[in-house]
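# Survey of secondary and tertiary structure
Listed below are the residues making up each chain.
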Amino acid sequence: MTQIAVVTGATGGVGRATVREVAARGFDIGLIARGQAGLDAAAAEVVALGRRACPVSADVARWDEVDAAASRITDELGPIDVWINNAMTTIFGAVRDIDPASVERATAVTYLGQVHGTMAALARMRQRDAGTIVSVGSALAFRGIPLQAAYCGAKFAVRGFMESLRTELLAEGSHVRICQIHLPAVNTTQFGWCRVRVDTHPVPVPPIYQPEIPARAIADLIETGARQDIVGVWNWLLVHLNNIIPGVGDHYMARTGIRSQLTDLPICDDRPDDLFAPADNDVDHGSHGIFDDRTGGMLNRNFLAGLPGTAADFAIASGQRIAEVVRQRVPAGARVPTRSKRS
(Lines give C-alpha, C1' and ligand atoms only; values in the text may rest on other atoms or scores of the structure.)
Protein backbone atom coordinates (compact mmCIF):
# COMPACT_ATOMS: atom_id res chain seq x y z
CA MET A 1 0.00 0.00 0.00
CA THR A 2 1.14 3.54 -0.70
CA GLN A 3 2.29 5.34 2.42
CA ILE A 4 1.84 9.01 3.21
CA ALA A 5 4.62 11.20 4.63
CA VAL A 6 4.39 14.82 5.72
CA VAL A 7 7.46 17.08 5.64
CA THR A 8 7.49 20.49 7.32
CA GLY A 9 9.94 23.09 6.07
CA ALA A 10 9.55 21.26 2.77
CA THR A 11 10.72 23.93 0.35
CA GLY A 12 14.41 24.46 1.19
CA GLY A 13 17.54 22.81 2.49
CA VAL A 14 17.23 19.42 4.17
CA GLY A 15 13.43 19.53 3.98
CA ARG A 16 13.47 19.91 0.21
CA ALA A 17 16.03 17.14 -0.24
CA THR A 18 14.00 14.92 2.11
CA VAL A 19 10.86 15.47 0.05
CA ARG A 20 12.67 14.14 -3.03
CA GLU A 21 14.30 11.24 -1.19
CA VAL A 22 11.15 10.01 0.54
CA ALA A 23 9.08 10.38 -2.63
CA ALA A 24 11.70 8.37 -4.53
CA ARG A 25 11.19 5.59 -1.96
CA GLY A 26 7.48 5.34 -2.78
CA PHE A 27 5.74 7.80 -0.44
CA ASP A 28 3.09 10.30 -1.41
CA ILE A 29 4.04 13.59 0.21
CA GLY A 30 2.24 16.29 2.15
CA LEU A 31 4.37 19.42 2.01
CA ILE A 32 4.07 22.15 4.63
CA ALA A 33 5.89 25.48 4.32
CA ARG A 34 5.08 29.17 3.95
CA GLY A 35 6.51 30.12 0.56
CA GLN A 36 4.23 29.45 -2.39
CA ALA A 37 6.91 29.39 -5.10
CA GLY A 38 8.95 26.90 -3.10
CA LEU A 39 5.87 24.76 -2.43
CA ASP A 40 4.90 24.68 -6.10
CA ALA A 41 8.41 23.70 -7.18
CA ALA A 42 8.79 21.02 -4.49
CA ALA A 43 5.38 19.54 -5.32
CA ALA A 44 6.33 19.41 -9.00
CA GLU A 45 9.41 17.37 -8.09
CA VAL A 46 7.23 14.87 -6.22
CA VAL A 47 4.89 14.52 -9.18
CA ALA A 48 7.87 14.08 -11.53
CA LEU A 49 8.87 11.09 -9.38
CA GLY A 50 5.47 9.54 -9.97
CA ARG A 51 4.00 10.28 -6.55
CA ARG A 52 1.08 12.40 -5.37
CA ALA A 53 1.75 15.73 -3.67
CA CYS A 54 -0.38 17.90 -1.40
CA PRO A 55 1.33 21.26 -0.83
CA VAL A 56 -0.11 23.36 2.00
CA SER A 57 0.97 26.87 2.91
CA ALA A 58 1.08 27.05 6.71
CA ASP A 59 3.10 28.60 9.50
CA VAL A 60 4.17 25.82 11.88
CA ALA A 61 4.35 28.35 14.73
CA ARG A 62 0.53 28.48 14.61
CA TRP A 63 -1.25 25.39 15.95
CA ASP A 64 -4.49 26.06 14.05
CA GLU A 65 -2.66 26.20 10.72
CA VAL A 66 -0.70 23.00 11.38
CA ASP A 67 -3.81 21.10 12.48
CA ALA A 68 -5.72 22.32 9.43
CA ALA A 69 -2.83 21.31 7.16
CA ALA A 70 -2.81 17.80 8.66
CA SER A 71 -6.54 17.48 8.06
CA ARG A 72 -6.26 18.64 4.46
CA ILE A 73 -3.39 16.24 3.73
CA THR A 74 -5.35 13.37 5.27
CA ASP A 75 -8.43 14.25 3.22
CA GLU A 76 -6.50 14.49 -0.06
CA LEU A 77 -3.87 11.76 0.31
CA GLY A 78 -5.02 9.44 3.08
CA PRO A 79 -3.96 8.53 6.65
CA ILE A 80 -0.55 9.92 7.61
CA ASP A 81 2.08 7.22 8.20
CA VAL A 82 5.15 9.42 8.75
CA TRP A 83 5.48 13.00 9.98
CA ILE A 84 8.90 14.66 9.59
CA ASN A 85 9.39 17.79 11.73
CA ASN A 86 12.04 19.79 9.91
CA ALA A 87 10.91 23.44 9.76
CA MET A 88 13.18 26.00 11.38
CA THR A 89 14.26 29.60 11.30
CA THR A 90 16.65 31.62 13.41
CA ILE A 91 18.41 34.87 14.15
CA PHE A 92 22.18 34.66 13.83
CA GLY A 93 24.22 36.87 16.14
CA ALA A 94 25.58 37.36 19.65
CA VAL A 95 22.99 37.49 22.43
CA ARG A 96 23.93 41.12 23.15
CA ASP A 97 22.97 42.03 19.56
CA ILE A 98 19.67 40.18 19.08
CA ASP A 99 16.21 41.30 20.19
CA PRO A 100 13.64 39.38 22.26
CA ALA A 101 10.96 39.45 19.54
CA SER A 102 13.29 37.73 17.07
CA VAL A 103 14.27 35.10 19.63
CA GLU A 104 10.61 34.48 20.42
CA ARG A 105 9.80 34.01 16.74
CA ALA A 106 12.76 31.71 16.11
CA THR A 107 11.73 29.63 19.13
CA ALA A 108 8.10 29.50 18.02
CA VAL A 109 9.05 28.10 14.62
CA THR A 110 11.96 25.84 15.56
CA TYR A 111 10.63 24.49 18.87
CA LEU A 112 6.86 24.97 18.89
CA GLY A 113 6.75 24.08 15.20
CA GLN A 114 7.94 20.59 16.12
CA VAL A 115 5.57 20.44 19.09
CA HIS A 116 2.62 21.41 16.90
CA GLY A 117 3.58 18.96 14.16
CA THR A 118 4.01 16.15 16.65
CA MET A 119 0.67 16.80 18.33
CA ALA A 120 -1.15 17.00 14.99
CA ALA A 121 0.43 13.76 13.82
CA LEU A 122 -0.13 11.99 17.13
CA ALA A 123 -3.83 12.89 17.22
CA ARG A 124 -4.24 11.04 13.93
CA MET A 125 -1.79 8.18 14.47
CA ARG A 126 -3.22 7.23 17.86
CA GLN A 127 -6.49 6.30 16.18
CA ARG A 128 -4.68 3.55 14.25
CA ASP A 129 -1.98 2.88 16.88
CA ALA A 130 0.63 3.18 14.14
CA GLY A 131 2.95 5.75 12.64
CA THR A 132 6.38 7.33 12.87
CA ILE A 133 7.22 10.87 13.98
CA VAL A 134 10.71 12.05 13.03
CA SER A 135 12.29 15.01 14.81
CA VAL A 136 15.09 16.62 12.81
CA GLY A 137 17.58 17.87 15.37
CA SER A 138 21.19 18.89 15.37
CA ALA A 139 24.49 18.45 17.15
CA LEU A 140 23.55 21.87 18.50
CA ALA A 141 20.85 20.14 20.53
CA PHE A 142 23.75 18.85 22.67
CA ARG A 143 26.40 21.60 22.37
CA GLY A 144 25.65 25.30 22.36
CA ILE A 145 27.86 27.53 20.22
CA PRO A 146 28.31 31.30 19.93
CA LEU A 147 26.11 33.33 17.55
CA GLN A 148 23.38 30.65 17.56
CA ALA A 149 21.82 30.89 21.02
CA ALA A 150 18.26 31.11 19.67
CA TYR A 151 18.67 28.03 17.48
CA CYS A 152 20.59 26.00 20.07
CA GLY A 153 18.03 26.78 22.76
CA ALA A 154 15.16 25.65 20.55
CA LYS A 155 16.91 22.43 19.52
CA PHE A 156 17.75 21.59 23.14
CA ALA A 157 14.05 22.07 23.96
CA VAL A 158 12.89 19.86 21.09
CA ARG A 159 15.12 17.03 22.28
CA GLY A 160 13.65 17.19 25.77
CA PHE A 161 10.07 17.28 24.47
CA MET A 162 10.59 14.26 22.23
CA GLU A 163 12.28 12.23 24.95
CA SER A 164 9.40 12.93 27.34
CA LEU A 165 6.83 11.97 24.72
CA ARG A 166 8.66 8.75 23.91
CA THR A 167 8.45 7.65 27.54
CA GLU A 168 4.72 8.40 27.64
CA LEU A 169 4.09 6.33 24.51
CA LEU A 170 6.11 3.45 25.95
CA ALA A 171 4.14 3.65 29.20
CA GLU A 172 0.82 3.31 27.37
CA GLY A 173 2.06 0.53 25.08
CA SER A 174 1.63 2.62 21.94
CA HIS A 175 3.06 1.48 18.61
CA VAL A 176 3.65 5.07 17.45
CA ARG A 177 7.40 5.57 17.12
CA ILE A 178 9.43 8.66 17.98
CA CYS A 179 12.73 8.93 16.08
CA GLN A 180 15.27 11.71 16.46
CA ILE A 181 18.00 12.48 13.97
CA HIS A 182 20.75 14.99 14.72
CA LEU A 183 22.42 16.60 11.74
CA PRO A 184 25.89 18.01 11.12
CA ALA A 185 26.63 21.28 9.34
CA VAL A 186 24.73 21.32 6.04
CA ASN A 187 24.93 23.57 2.98
CA THR A 188 21.33 24.77 3.12
CA THR A 189 19.43 27.89 2.17
CA GLN A 190 19.05 28.95 5.82
CA PHE A 191 22.46 30.63 5.80
CA GLY A 192 21.29 32.82 2.93
CA TRP A 193 18.00 33.91 4.42
CA CYS A 194 18.10 33.68 8.22
CA ARG A 195 18.04 37.03 10.05
CA VAL A 196 21.59 38.14 10.85
CA ARG A 197 23.17 40.53 13.31
CA VAL A 198 26.74 40.11 12.07
CA ASP A 199 28.77 42.07 9.53
CA THR A 200 29.69 39.24 7.15
CA HIS A 201 27.89 36.25 5.63
CA PRO A 202 27.49 33.26 7.98
CA VAL A 203 28.73 29.80 7.04
CA PRO A 204 28.12 26.32 8.51
CA VAL A 205 30.88 25.06 10.81
CA PRO A 206 33.00 22.54 8.83
CA PRO A 207 32.85 19.74 7.93
CA ILE A 208 29.92 20.69 5.67
CA TYR A 209 27.58 18.17 4.01
CA GLN A 210 25.17 18.54 1.12
CA PRO A 211 21.48 18.25 2.14
CA GLU A 212 21.02 15.01 0.22
CA ILE A 213 23.16 13.15 2.80
CA PRO A 214 20.93 13.89 5.82
CA ALA A 215 17.88 13.36 3.59
CA ARG A 216 19.01 9.79 2.94
CA ALA A 217 19.67 9.31 6.64
CA ILE A 218 16.15 10.52 7.46
CA ALA A 219 14.63 8.11 4.93
CA ASP A 220 16.74 5.26 6.36
CA LEU A 221 15.58 6.14 9.87
CA ILE A 222 11.96 5.87 8.77
CA GLU A 223 12.65 2.34 7.53
CA THR A 224 14.58 1.16 10.60
CA GLY A 225 12.59 2.98 13.26
CA ALA A 226 15.75 3.55 15.31
CA ARG A 227 15.44 5.67 18.44
CA GLN A 228 18.16 8.14 17.41
CA ASP A 229 20.78 8.73 14.75
CA ILE A 230 23.66 11.19 14.81
CA VAL A 231 24.77 11.87 11.25
CA GLY A 232 28.49 12.25 10.52
CA VAL A 233 31.50 10.82 12.35
CA TRP A 234 32.77 14.25 13.36
CA ASN A 235 29.31 15.17 14.60
CA TRP A 236 29.10 11.98 16.65
CA LEU A 237 32.55 12.61 18.13
CA LEU A 238 31.74 16.18 19.18
CA VAL A 239 28.47 15.14 20.81
CA HIS A 240 30.11 12.43 22.87
CA LEU A 241 33.17 14.49 23.76
CA ASN A 242 30.88 17.21 25.02
CA ASN A 243 29.18 14.69 27.31
CA ILE A 244 32.58 13.78 28.79
CA ILE A 245 34.40 17.14 28.91
CA PRO A 246 31.84 19.95 28.48
CA GLY A 247 34.18 22.51 30.05
CA VAL A 248 36.77 21.94 27.33
CA GLY A 249 33.96 22.34 24.81
CA ASP A 250 33.14 25.73 26.30
CA HIS A 251 36.71 26.96 25.86
CA TYR A 252 37.06 25.40 22.41
CA MET A 253 33.88 27.08 21.14
CA ALA A 254 34.88 30.38 22.75
CA ARG A 255 38.21 30.15 20.92
CA THR A 256 37.01 28.95 17.49
CA GLY A 257 33.22 29.21 17.30
CA ILE A 258 32.91 32.77 16.03
CA ARG A 259 35.60 32.78 13.34
CA SER A 260 34.53 29.37 12.02
CA GLN A 261 31.01 30.67 11.33
CA LEU A 262 31.84 33.88 9.48
CA THR A 263 33.13 34.44 5.96
CA ASP A 264 34.71 37.50 4.38
CA LEU A 265 31.62 38.02 2.21
CA PRO A 266 29.74 41.24 3.03
CA ILE A 267 26.04 41.15 3.90
CA CYS A 268 24.07 42.28 0.83
CA ASP A 269 21.52 45.05 1.28
CA ASP A 270 18.85 43.02 -0.56
CA ARG A 271 19.49 39.83 1.39
CA PRO A 272 16.21 37.95 2.09
CA ASP A 273 15.03 37.50 5.67
CA ASP A 274 12.62 34.64 6.40
CA LEU A 275 12.09 35.14 10.12
CA PHE A 276 8.59 36.61 9.89
CA ALA A 277 7.80 36.18 6.18
CA PRO A 278 8.79 33.46 3.69
CA ALA A 279 11.87 34.07 1.56
CA ASP A 280 10.63 31.75 -1.19
CA ASN A 281 7.12 33.09 -1.76
CA ASP A 282 7.95 34.49 -5.19
CA VAL A 283 11.25 32.76 -6.02
CA ASP A 284 12.18 29.11 -5.47
CA HIS A 285 15.64 28.80 -3.91
CA GLY A 286 15.95 25.01 -4.05
CA SER A 287 17.76 22.93 -1.46
CA HIS A 288 21.41 24.05 -1.67
CA GLY A 289 23.05 27.08 -0.12
CA ILE A 290 26.00 28.96 -1.60
CA PHE A 291 28.76 26.73 -0.22
CA ASP A 292 28.81 23.88 -2.74
CA ASP A 293 32.58 24.30 -3.11
CA ARG A 294 33.15 23.73 0.64
CA THR A 295 31.15 20.53 1.03
CA GLY A 296 32.40 16.96 1.20
CA GLY A 297 32.10 16.24 4.91
CA MET A 298 35.28 15.04 6.59
CA LEU A 299 36.78 14.15 3.21
CA ASN A 300 36.78 17.74 2.02
CA ARG A 301 40.42 18.74 1.46
CA ASN A 302 39.93 22.14 3.10
CA PHE A 303 38.64 20.46 6.26
CA LEU A 304 41.44 17.91 6.25
CA ALA A 305 44.01 20.67 5.78
CA GLY A 306 42.63 22.42 8.85
CA LEU A 307 42.89 19.41 11.19
CA PRO A 308 46.32 20.36 12.62
CA GLY A 309 44.95 23.77 13.60
CA THR A 310 41.87 22.10 15.07
CA ALA A 311 44.09 19.83 17.19
CA ALA A 312 46.12 22.81 18.38
CA ASP A 313 42.98 24.77 19.29
CA PHE A 314 41.62 21.78 21.17
CA ALA A 315 44.88 21.40 23.10
CA ILE A 316 44.87 25.08 24.05
CA ALA A 317 41.22 24.86 25.10
CA SER A 318 42.06 21.85 27.27
CA GLY A 319 44.85 23.83 28.93
CA GLN A 320 42.54 26.79 29.51
CA ARG A 321 39.97 24.51 31.13
CA ILE A 322 42.57 22.97 33.42
CA ALA A 323 43.75 26.44 34.43
CA GLU A 324 40.16 27.48 35.09
CA VAL A 325 39.58 24.49 37.36
CA VAL A 326 42.78 25.25 39.28
CA ARG A 327 41.72 28.88 39.77
CA GLN A 328 38.32 27.77 41.05
CA ARG A 329 39.78 25.33 43.57
CA VAL A 330 42.71 27.39 44.85
CA PRO A 331 41.75 30.48 46.93
CA ALA A 332 42.97 33.81 45.62
CA GLY A 333 46.42 34.63 47.00
CA ALA A 334 47.04 31.09 48.16
CA ARG A 335 50.28 29.42 47.26
CA VAL A 336 50.07 26.14 45.40
CA PRO A 337 52.15 23.60 47.42
CA THR A 338 55.07 22.04 45.65
CA ARG A 339 57.09 18.99 46.49
CA SER A 340 60.45 19.70 48.12
CA LYS A 341 63.49 18.14 46.56
CA ARG A 342 65.06 15.36 48.51
CA SER A 343 68.63 15.99 49.52
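As a reminder, the structure under discussion sits directly above these lines.
Parameters at a glance
- Residues numbered from 1 in each chain as written.
- Predicted model: local features only at pLDDT ≥ 70, side-chain atom pairs only at ≥ 80, totals over all residues.
- Heavy atoms only, no water.
- Axes fitted to C-alpha atoms, helices over the stretch in contact; angles between N-to-C directions.
- Helix = DSSP H or I, 4+ residues; strand = E, 2+ residues; numbered from the N terminus.
- Parallel < 35°, antiparallel > 145°, perpendicular 65-115°, else oblique.
- Left-handed = near helix turned anticlockwise from the far one by under 90°.
- Contact = heavy atoms within 4.5 Å.
- Nonpolar A, V, L, I, M, F, W, Y, C, P; charged D, E, K, R; others polar.
- Patch = residues over 30% accessible without salt bridge, like charges linked within 9 Å, V, L, I, M, F, W, Y side chains within 5 Å.
- Areas by Shrake-Rupley, 256 points an atom, 1.4 Å probe, with all protein chains shown as cover.
- Salt bridge = Lys/Arg side-chain N within 4 Å of Asp/Glu carboxyl O.
- Buried < 20%, exposed > 50% of the residue type's maximum accessible area, 1.4 Å probe, protein only.

As a further point, take the packing of helix 3 (residues 63-77) against helix 4 (residues 100-125). Two numbers describe how helix 3 lies on helix 4: the axes approach to 9 Å, and their chain directions differ by 40°. One element, helix 3, and the other, helix 4, form an angle in the oblique class. Helix-helix and strand crossings are classified by hand; for helix 3 and helix 4 the assignment is right-handed. Contacts between helix 3 and helix 4 involve Trp63, Val66, Asp67, Ala70, Ser71 and Thr74 from the first element and His116, Gly117, Met119, Ala120 and Arg124 from the second. When its residues are assigned to classes, the contact of helix 3 with helix 4 shows five nonpolar, four polar and two charged.

On the surface, Ile244, Ile245 and Phe314 cluster together to form a nonpolar patch covering roughly 260 Å² of accessible area. Looking at phenylalanine 314, the relative accessible area reads 32%, which means it is partly exposed.

Further remarks concern the pattern of salt bridges. In this structure the tally under the stated criterion is 24 salt bridges. Ionic pairing is found between arginine 128 and aspartate 81, a salt bridge with its closest N-O pair at 3.7 Å. Here arginine 128, found in the loop between helix 4 and strand 6 (131-138), pairs with aspartate 81, found in the loop between helix 3 and strand 4 (82-85); they are 47 residues apart in sequence, far enough to count as distant. Its relative accessible area of 35% is what places arginine 128 among the partly exposed residues. Residue classification places aspartate 81 among the buried positions, given a relative accessible area of 17%. As a salt-bridge pair, arginine 126 and glutamate 172 come within 3.1 Å of each other at their nearest N and O atoms. Residue arginine 126 is located in the loop between helix 4 and strand 6, and its partner glutamate 172 is located in the loop between helix 5 (149-171) and strand 7 (176-183); the two are separated by 46 residues in the primary sequence. For glutamate 172, a relative accessible area of 46% puts it in the partly exposed group.

On to the packing of helix 4 against helix 5, then. Packing of helix 4 against helix 5 leaves a shortest axis separation of 8 Å and a crossing angle of 20°. Judged by the inter-axis angle, helix 4 sits roughly parallel to helix 5. Like other packed secondary-structure pairs, helix 4 and helix 5 cross with a definite hand, here right-handed. Along the contact surface, helix 4 presents Val103, Ala106, Thr107, Thr110, Tyr111, Gln114, Val115, Thr118 and Leu122, while helix 5 presents Ala150, Tyr151, Ala154, Lys155, Ala157, Val158, Phe161, Met162, Leu165 and Leu169. Looking at side-chain class alone, the contact of helix 4 with helix 5 contains 14 nonpolar, four polar and one charged residues.

Without other data, these values stay purely geometric and don't point to any function.
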